[in-house]
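What follows is each chain in one-letter form.
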Amino acid sequence: MENKTTLDYVVEVEDLTVAYDAKPVLWDVDLKIPRGRLMAIVGPNGAGKTTLLKAMLNLLTSVSGVIRFLPGETGDSPKNKIRIGYVPQSGSVDWDFPATVLDVVLMGRYGLLGWVKRPGKNDVAIAKQTLEKVGMEKFSSRQISQLSGGQQQRVFLARALVQEAEIYFMDEPFKGVDAQTEKAIVQLLKELKAQGKTVVVVHHDLQTVADYFDWVTLINLRVVACGPVKEVFHEENLKTVYRSSGALLKSRV
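All values derive from a computational prediction rather than experimental measurement.

**Considering the overall build of the protein**
Part 1 of the reasoning: For the protein, the helix and strand inventory stands at 9 helices and 9 strands.
Part 2 of the reasoning: Sequence-distant contacts, at least 24 apart, represent 68% of the contacts inside the protein between residues at least 6 apart.

**Some remarks on helix α9 (residues 235–242)**
Part 1 of the reasoning: For α9, the complete set of buried residues consists of N237, L238, V241 and Y242. Angular distribution of buried residues about the axis of α9 spans 120 degrees; they occupy a single face of the element.
Part 2 of the reasoning: R243 sits one or two positions beyond α9 and adopts a positive phi of about 50 degrees.

**Considerations on unusual backbone geometry**
What you tend to see is this: most non-glycine residues have negative phi, and most peptide bonds are trans.
Part 1 of the reasoning: Located in the positive-phi region is E164, a residue other than glycine, with phi close to 50 degrees.
Part 2 of the reasoning: Mapped onto the secondary structure, E164 falls in the loop between α5 (149–161) and β6 (167–171).
Part 3 of the reasoning: Overall, E164 belongs to the partly exposed group, its relative accessible area being 34%.
Part 4 of the reasoning: Phi angles above zero are rare outside glycine, and L221 is one such case at about 75 degrees.

**Some remarks on the environment of A47**
Part 1 of the reasoning: One can find A47 in the loop between β3 (38–42) and α1 (49–56).
Part 2 of the reasoning: For A47, a relative accessible area of 0% translates into the label buried.
Part 3 of the reasoning: Expressed as a C-alpha distance, the spacing of A47 and V241, which sit 194 residues apart in the sequence, is 8.8 Å.

**Focus: the sheet that holds strand β9 (residues 222–228)**
Part 1 of the reasoning: Ordered by their spatial adjacency, 6 strands build an open sheet running β5-β6-β7-β3-β8-β9, and the pairing between neighbours is mixed. Taken across any chain shown, the strands that pair with only one partner, and hence form the sheet edges, are β5 (84–87) and β9. Strand-to-strand twist in this sheet, taken as the mean axis angle between neighbours without regard to direction, amounts to 15 degrees.
Part 2 of the reasoning: When β5 meets β6, the two strands line up parallel, connected through 4 bridges. Residue pairing across strands places G85 opposite Y168, the latter belonging to β6.
Part 3 of the reasoning: Sheet strands in contact with α9 are β3, β8 (215–220) and β9, and its direction is about 35 degrees off that of β8.

**Structural notes on the packing of aromatic side chains**
The description of two aromatic rings rests on the distance between their centres and on the angle between their planes.
Part 1 of the reasoning: Evaluation of the coordinates by the stated rule reveals 3 aromatic pairs.
Part 2 of the reasoning: The interplanar angle of 85 degrees and the centroid separation of 6.3 Å between the aromatic rings of F69 and F169 together place this pair among those described as edge-to-face. With F69 in strand β4 (residues 64–69) and F169 in strand β6, this residue pair connects regions lying 100 residues apart in the sequence.
Part 3 of the reasoning: Three or more aromatic residues joined by ring pairs form one cluster here, namely F174, Y212 and F213.

**Here's the deal with the pattern of salt bridges**
Pairs can form between side chains of opposite charge once their charged atoms are near each other.
Part 1 of the reasoning: For the coordinates displayed, the defined rule picks out 9 salt bridges.
Part 2 of the reasoning: With a shortest N-O distance of 2.5 Å, K193 and D214 are connected by a salt bridge. Here D214 lies in the loop between α7 (209–212) and β8 and K193 lies in helix α6 (residues 179–194), a separation of 21 residues in the sequence.
Part 3 of the reasoning: Counted as one network, the salt bridges with shared partners bring together E12, E14 and R68.

**A few points about the nonpolar core**
Part 1 of the reasoning: Counting residues in each nonpolar core, the largest one holds 49 residues, and the members touching the most others are M170 and V216.
Part 2 of the reasoning: If one sorts the elements of this core by residue count, α5 sits on top with 6 residues.
Part 3 of the reasoning: The two domains that each donate at least three residues to this core are domain 1 (1–82 + 166–252) and domain 2 (94–165).
Part 4 of the reasoning: Not counting chain neighbours up to four residues away, the residues in contact with V216 comprise M39, A40, V42, V209, A225, C226, G227, V229, V232 and F233.
Part 5 of the reasoning: One finds V18, I41, F169 and W215 within the second-largest nonpolar core, a separate group that totals 28 residues.

**A word on the sheet that holds strand β1 (residues 9–20)**
Part 1 of the reasoning: The strand order β2-β1-β4 describes an open sheet built from 3 strands, whose pairing is antiparallel. Unpaired on one side and paired on the other, β2 (23–34) and β4 mark the two borders of the sheet. Here the strands of the sheet are splayed against their neighbours by 15 degrees on average, with no regard to which way each runs.
Part 2 of the reasoning: By the bridge criterion, 5 bridges tie β1 to β4 in an arrangement that is antiparallel. Paired with V13 across the strands is I67, a residue of β4.

The rules behind these values
- Residues numbered from 1 in each chain as written.
- Predicted model: local features only at pLDDT ≥ 70, side-chain atom pairs only at ≥ 80, totals over all residues.
- Heavy atoms only, no water.
- Helix = DSSP H or I, 4+ residues; strand = E, 2+ residues; numbered from the N terminus.
- Contact = heavy atoms within 4.5 Å.
- Buried < 20%, exposed > 50% of the residue type's maximum accessible area, 1.4 Å probe, protein only.
- Arc of directions from axis to C-beta.
- Pairing = 2+ DSSP bridges.
- Axes fitted to C-alpha atoms, helices over the stretch in contact; angles between N-to-C directions.
- Phe/Tyr/Trp six-rings, centres within 6.5 Å; stacked < 30°, edge-to-face > 60°.
- Salt bridge = Lys/Arg side-chain N within 4 Å of Asp/Glu carboxyl O.
- Core = buried A, V, L, I, M, F, W, Y, C linked by side-chain atoms within 4.5 Å.
- Domains from an automatic or database assignment.

Laid out in structure tokens, this is it:
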């Protein structure tokens, strides 16, 4: 069993509550995310998975709670600013926006450059190398709207990768992609972990949790369990999360 007291946590969430129209979507959530883990956020539809992700990214307003990145580091100097990469759900993106694949990926460099500076040759080279990494280098001049769903997801992964972040948040990156793209994404996630990065993924497929991730948070309005997959991803916790008799779990547990 892993000793959680010795872990180096990169994100801490305390007493987080989020409500829509006075109806709680997350309630009194406490969560710690260790450095260098591939963590899945798992739960039924409407459990608050995407809400939790967006609340941690400060993309929506919470009723209460505190989110800390890299606890112990304070101050406003650049060296104390943690870089975060974000891959949103594909359905939340305006795919008709007039931009090429290379343009979209280069957008990921602005956090490093600042909005005044324009990407230089080095930034373009990094963007092209990253497109090659995700198998999209041949599409660099193509309009993003002309790509398939799997290809679009690869481009947004590339945009996140060029940010050279320490923590990556991904909202259902496997949704609607083909088997080849899913395999490529899994390989990228494992490479990020090997580099010491932390990756947090909203995930819906129970059958692949143990194969893709080493850490899991089970959530349904509240956090039911959080920890190593081998320790907390079991039938009792899953029944609690899904409020199920177990029929949903027969193919997995």
